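Topology and contacts: notes
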Amino acid sequence: MTSTIDTKSIGKPQRARRHVRTLTGYLPEVDATGKEHWPRGDEKVWKEALRGVDKDVPSVTKSFVNHVQTSLARQAYNLDDLGAYQAAALSVRDNLIVNWNETQLNYTRKNPKRAYYLSLEFLMGRTLDNALLNLGLKEEYRDGVKKLGFSIEDILDKERDAALGNGGLGRLAACYLDSGSSTELPLWGYGLRYKYGIFQQLISPEGNQLEAPDPWLENQNPWELPRLDVTYEVRFYGQSERLANGRGIWQGGQEVVAVAYDVMIPGYGTKTTNNLRLWESRPKRGFDLNSFNAGNYEGAVESSNTADAITSVLYPNDHTSFGKELRLKQQYFWTAASLADIIRRFKQQGKPMNQLPDYVAIQLNDTHPTLAIPELMRILIDEEDFGWDQAWSIVTNVFFYTNHTVLPEALEKWPVPLIEHVLPRHLQIIYDINLFFLQAVERKYPNDRERLARMSLIEEGFPKQVRMAHLAAVGSRKVNGVAELHSDLVKTTILKDFVDFEGVSKFSNVTNGITPRRWLDQCNPELSDLITKTLKVEKTVWLKDLAKLKGLIPFAEDAAFRKEWAAIKQRNKERLAHYVQTTLGLTVRTDAMFDVQIKRLHEYKRQTLNILGVIHRYLTLKAMTPEEKKKVNPRVVFFAGKAAPAYYIAKLTIRLIVNVASKINTDPDTKDYLQLYFLPDYSVSLAEVLIPASDISQHISTAGTEASGTSNMKFCLNGGLLLGTVDGANIEIAEEVGESNVFFFGHLTPAVEDLRYQHIYHPVPLEEKCPGLARVIEQVAAGLFGDAEIYEPLLNTIRQTDYYLLSDDFDSYIAALGMVDEAYQDQDEWVKKSIKTTANMGKFSSDRAILEYAESFWNIEPSPVEAPKKAT
Ligand code: 26V
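Residues numbered from 1 in each chain as written. Predicted model: local features only at pLDDT ≥ 70, side-chain atom pairs only at ≥ 80, totals over all residues. Heavy atoms only, no water.

The name that an unreviewed UniProt entry assigns to the protein chain is Alpha-1,4 glucan phosphorylase, with the source organism given as Candolleomyces aberdarensis. The Sequence similarities (unreviewed entry) field of the UniProt record for the protein chain holds the comment "Belongs to the glycogen phosphorylase family." Taken directly from UniProt, the Cofactor (unreviewed entry) text for the protein chain runs: "pyridoxal 5'-phosphate". (UniProt positions renumbered as here; feature names shortened; annotations may be inferred.)

In structure tokens, the structure reads:
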């Protein structure tokens, strides 16, 4: 077992670490008098021997072959594409490491205030292509590997996605890291190194989703650096004793060790290479030798089994909570290790703890890391001897909380008995926070018991539960939502009482963003080249100042430009068709409109509305004469997305899509006009193929339910038009690109509550309310797509409460689809819309979003890496 840092010694400089740092650095140490000293040996010899970043093709091939030979122990005759990927990755990684070292040294020397992004999910996707782009080495590697007999595309295709996330929240975290490095901000990520990422989705012949594990680390991960010397002990269970002075002593229970793995995050066109630190759990005592010698092998490995479990698998749910003990342990393990690491780094500067908020800002990505709030209180009170008030003032100036949903079922709550069992000291602290908080509320609103019950951090019931969103809001300096409408809903619904009590200035909005490097340049290289050529601005400039896309607007009127624009869309459709052909063996026609909905399966996202709309179209086509059909523009509908393994209704929706597809794709009456595909195992990499190929994409959540959405931004950036409800970021996209360039339908947010009320208290039979929908449902129920009775529970969600208002929005949805058809008939106008859409998407760069966080919340500034000094 590697030596672990005793929690009591956190903050004391670690000698071993100091040496690691100085040995790899370029810069000499500065002593108290300001004099510079080279830490070891001959400075000249050191500096001459340090690896530079040679960017020419011969250096690339040399480095590649070196890795083939010495890192992989292989040779030219037995090197396959996977081996070539590994060699290329190791060679690119050398460049990242040099920049990473310089970045960290720069921060150590300058001591800027830093921000930390705590996220239980980082949906990174593939790294090699992004690293090449950001380092400016794409062409060199393309040429280099070609000379060695490989194609860069084949090599890039060998990389497995790092899929440590469920959906939008995790991908947002990945975009923000890219933007943090690209804008040279001192921003680190902290997460968990799950052994298994989001499950692999398989679809059975009947259309059922099956889940298989995703052992993504199987072939080793060249992008991480194990830091076996950076370890912390984390305690669970045990007893907590309160002392008279308010301090607590927490002892006993189980201790596990957190080991750091660092993932390098290069910036686009910058030296800044920030760090994503992922924790792995290990048993404190790897092997109990006594038990082993006594012949008890199982006993000897027991502690390792339970400790390993903590970081073994990502929970595959989003928007539903479960109260599982292991998930709580994941959350505490990760927040405790991250805070210990942040505090150790802060203390190395020799500053007193009350200055923590001057040097550290911590962003809580949803409520998942909220235990960091009581954990920092515990450290300050029990270990650092602070009094309550001073500790609370530090805590409430360090944390910032982003809410990502207002759906009640997705708001985290933890049973009090579970927290008491796993984290007894934290439960005491949470109760104390609650007591002081409610006392303050009582002073402002005397005798308002209902208000106290609503605002309490503890929900009464059997069992009582801790409301994590309340704890996060109370313990943070700022609270934000992720799009204008959503931030307003946060303020007027779930946290209304908190706005009344604390004042509105604590609550604000930062509209989400996406990185244009991955979501335009990498996934749509031809479009990126056309933009560069047309704007006559280097792509290194416009990819970092996305408002420059506005320069495309006049070209919407240029017929030659439109032709090029449309030809690229066409080639992207062919690329997608090729993917479907090679992976599923199915032939997609490419002379059709491509209509795409790709996202997690959820009732609120209303994939069901989409598939019922497809059936409606099918029935309409069936009723047409051949003459009428000739006027119809062919449409290909794509779905992709995973359902939470226990989400029965979502899985039934997949089953319906798959079975409708097999019926209509083989129906000679309709197959030339309508095709439908469910592409299994949706991932970041699949999104990169689907998005550039889309003519229209669907973002059709019930108004007020989708906090932002971010794929809507990706489609529009790639010139795909948006069909959607007036929800989330759709609204701001329409504001930017112009309402005439989007297709909106459906009821608005303020109507939703009333409609739901009507459903319950004044129900109208579906046949009367929405005959079109009733007819579609009838056909499904009659077995047109097989399995009649199997779909009953899904159909009943609509026939009964219809909580997500399909029957209210169906008619306007069908009308909007008709408007899309009509607009598509005029290809010139359509392409104009497409160009104008891309041109007006500048606002949605994640660079803009991360700078808003940096300036308005964290108060941090860019800290560019200086060029290394030459040896003297
Ligand atoms: C909630 C829960 C509840 C407990 C079980 C596990 C689990 C896992 C994830 C979540 C988070 C749900 C919130 C979420 O993912 N929101 C999405 O965030 C995106 C980025 O801001 C946004 O674009 C989407 O609209 C929003 O649904």
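**A few points about the site of the ligand**
Around the ligand sit 22 residues in total, of which Thr320, His404, Asn512, Glu706 and Gly709 are the nearest. Taking Ser708, its main chain carries an N or O atom lying 3.0 Å from an oxygen atom of the ligand. A per-class count over the shell around the ligand returns 6 nonpolar, 12 polar and 4 charged. The residue makeup of the shell around the ligand includes at least three contributed by each of domain 1 (7–50 + 111–125 + 161–509) and domain 2 (516–839). (Near = heavy atom within 4 Å. Polar contact = N/O pair within 3.5 Å; in protein donor to acceptor, adjacent residues only side chain to side chain. Nonpolar A, V, L, I, M, F, W, Y, C, P; charged D, E, K, R; others polar. Domains from an automatic or database assignment.)

**Considerations on the UniProt feature "modified residue: N6-(pyridoxal phosphate)lysine" (unreviewed entry) in the protein chain**
UniProt records the feature "modified residue: N6-(pyridoxal phosphate)lysine" (unreviewed entry) for Lys714 in the present numbering. Take Lys714: it is sitting in helix α29 (residues 711–717). Those residues in contact with Lys714, other than ones at most four positions away along the chain, are Arg171, Ile514, Trp519 and Ile691. (Helix = DSSP H or I, 4+ residues; strand = E, 2+ residues; numbered from the N terminus. Contact = heavy atoms within 4.5 Å.)

**Description of the pairing of strand β15 (residues 399–402)**
Look at any regular strand and the pattern is simple: side chains alternate between the two faces of the sheet. Neither face of β15 is open: one carries Phe399 and Tyr401, the other Phe400 and Thr402, and all of them are buried. Judged from the 4 bridges that link them, strand β14 (residues 360–365) and β15 form a sheet pairing that is parallel. Across the sheet, residue Leu364 finds its bridge partner in β15, namely Tyr401. Summarising the sheet, β15 and strand β19 (residues 478–481) pair through 3 bridges and their orientation is parallel. Looking at β19, one finds that Tyr401 is bridged to Val479. (Buried < 20%, exposed > 50% of the residue type's maximum accessible area, 1.4 Å probe, protein only. Pairing = 2+ DSSP bridges.)

**Comments concerning the packing of helix α24 (residues 559–584) against helix α36 (residues 827–839)**
As a packed pair, α24 and α36 sit with axes 10 Å apart at the nearest point and diverge in direction by 80°. With respect to α36, the axis of α24 lies roughly perpendicular. Only Asp828, Val831, Lys832, Ser834, Ile835 and Thr838 of α36 make contact with α24, whose side of the interface consists of Phe561, Arg562, Trp565 and Ala566. A per-class count over the contact of α24 with α36 returns 5 nonpolar, 2 polar and 3 charged. (Axes fitted to C-alpha atoms, helices over the stretch in contact; angles between N-to-C directions. Parallel < 35°, antiparallel > 145°, perpendicular 65-115°, else oblique.)

**A short note on the sheet that holds strand β16 (residues 413–415)**
Pairing in this open sheet of 3 strands is antiparallel, and the strands run β16-β18-β17 from one edge to the other. Pairing within the sheet leaves two strands with one partner each, and these edge strands are β16 and β17 (458–459).

**Quick word on the environment of Ser662**
Tracing the backbone through its elements, the reader meets Ser662 in helix α27 (residues 648–664). For the pair Ser662 and Ser487, spaced 175 residues apart in the sequence, the C-alpha separation amounts to 42 Å.

**Describing α27**
When the terminal C-alpha atoms of α27 are compared, their 24 Å separation across 17 residues agrees well with the 24 Å that a helix rising 1.5 Å per residue should span. For α27, a buried count of 14 out of 17 residues is recorded, marking the element as mostly surrounded by other parts of the structure. (Expected span 1.5 Å × (residues − 1).)

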